[in-house]
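Inside the fold
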Amino acid sequence: MAPSLEHPLPDTDVSTVKQKTFSYENPSRSKFPDGIKTSGQTEPLYDLLKPYEEFPQQITGPTVWKAEDYKNNPERWTHAFNDEEIAELSEAADAFIASGTPLTGISQSNFRLPTLAPYLTAIRTELLNGKGFILFKMFPVTAFGLHKSAVAYMGLGTYIGYFVSQNGRGHVLGHVKDVGDDPSKIDKVRIYRTAARQFFHADDSDIVGLLCVARALEGGESDIVSSHHVFNTLQREHPDVLRTLCEPIWYFDRKGETSVGQQDWIRTPIFYLETPDPEGKKQPRVYSKWDPYYVRSLTRFSDAGLIPPLSPAQQHAAAVLEETCQRLALHMILEVGDIQFLSNEHVLHARTAYKDSPPPEPRRHLMRLWLATPEGEGGWRLPFPDSGHLKRGGIQVNDTRPVAPLDAE
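As a starting point, this report considers the structure included with it. (Residues numbered from 1 in each chain as written. Predicted model: local features only at pLDDT ≥ 70, side-chain atom pairs only at ≥ 80, totals over all residues. Heavy atoms only, no water.)

Topic: the sheet that holds strand β5 (residues 198-201)
Overall, antiparallel pairing links the four strands, which are arranged β5-β15-β8-β13 in an open sheet. Across the chains shown, the open sheet's two edge strands, defined by having one partner strand only, are β5 and β13 (330-332). Across the sheet, the axes of successive neighbouring strands diverge by a mean angle of 15 degrees, strand direction being ignored. Alignment of strand β8 (residues 222-226) against β13, held across three bridges, turns out to be antiparallel. If you follow Ser222 over to β13, its bridge partner there is Met332. Strands β8 and β15 (347-351) of the sheet are contacted by helix α5 (residues 227-237), whose axis makes an angle of about 60 degrees with β8. Against the sheet, helix α9 (residues 312-328) makes contact with β5, β8, β13 and β15, and its axis sits at roughly 90 degrees relative to β5, the strand it touches most. (Pairing = 2+ DSSP bridges. Helix = DSSP H or I, 4+ residues; strand = E, 2+ residues; numbered from the N terminus. Axes fitted to C-alpha atoms, helices over the stretch in contact; angles between N-to-C directions. Contact = heavy atoms within 4.5 Å.)

In structure tokens, the structure reads:
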């Protein structure tokens, strides 16, 4: 089911987790308007991780797709907003703005979409359990302007999942834009704030949304791939690589976005199995978590002997994984007013390097949402302590309050 329209938010015990224990302190509503705090990055529950031998030999079903299935059939993965849907989004955005509610307090209860809601519920299911991607078109970003576009976009997103913080500054509305950061300093810099190529990766959320506000002069194009198709291909062509990717030997950099008492890294596998279905009706699915920038930026710790460096087997596995993703990817170009939603459970995505137009033309700009879909509301059963938390995943530093800036900071 989609996030409930009127989800109860009591003053205590806002997180009730099935199967796993996750200690969570109810945050102040003066900081967190909806009463829910992003859980942030957590290490997996290592006793719930499964060895390579327990993974399937082959994954089947709608999450396994090939680029040729969709390359010449855009009607299978795009939806152009019609006049009635745009009018509904506009009316809901105007009402929300008039209410004076902070953007971080937006929810289904104060952003009502009676016509679009059933369709968005179906899209949410397709993102979680189907092909894992959709491209909305004809969102009137130019006519709406930045503020109204942000409201309508975030309001739309509440029907897909719960927005979570994307960085240590609490941004729940992110901005993918070149702000001049040095992409070579990967131990400090988040690549989305540069014009550099982004290799295939998954974000720290269940679903990611990208609204195109302005295109680059050159490049900045999108590639996506079914990680289940990649898994099957590796199982057939490079089972040794796949075994390495299923082992919890991979360290991911937090890049300084840590809370008090947390380590500067997380140790995980790249491919996980879901935890068992308590009713025994569903087979555990294969979940992927990967970002080479976060794996290769840890030399400051491995050089100090705090963690092991990447082994030759890991370096080989990372290279084979990227090559396989590139070979199997579906390419798309986001136009102004397009909104791309992707599953981070079973889709990996990448971006080509780009060059911005010279002033006074606007720089490439995508508004980004990270959305959580907890297991109690149809989300995947992940081997993490926050799997049942409403705003699982994301990046949360101490009690940093959520903010929704209208442009890059």
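The discussion continues.
Structural notes on helix α3 (residues 116-129)
In this model, α3 (14 residues) spans 20 Å end to end at C-alpha, consistent with the 20 Å of a helix rising 1.5 Å per residue. On its buried face, α3 sits against α2 (83-99), β2 (133-137), α4 (141-157), β6 (207-214) and β14 (339-343). (Expected span 1.5 Å × (residues − 1).)

Some remarks on the packing of aromatic side chains
Summed over the entire model, instances satisfying the criterion amount to 17 aromatic pairs. Note on Trp65 and Tyr70: the rings are 5.8 Å apart at their centroids and 85 degrees apart in plane angle, and the pair reads as edge-to-face. Each member of the pair, Trp65 as well as Tyr70, is classed as buried. Residues Trp250 and Trp290 carry aromatic rings whose centres are separated by 5.6 Å and whose planes lie at 90 degrees to one another, so their mutual orientation is edge-to-face. Taken together, the residues span a long stretch of sequence, with Trp250 in strand β9 (residues 250-253) and Trp290 in the loop between β12 (286-288) and α7 (292-296) at a distance of 40 residues. Looking at Trp250, the relative accessible area reads 0%, which means it is buried. Judged by its relative accessible area of 3%, Trp290 falls in the buried class. An aromatic cluster is present here, built from Phe81, Tyr119, Phe136, Phe139, Phe144 and Phe341 joined pairwise through their rings. (Phe/Tyr/Trp six-rings, centres within 6.5 Å; stacked < 30°, edge-to-face > 60°. Buried < 20%, exposed > 50% of the residue type's maximum accessible area, 1.4 Å probe, protein only.)

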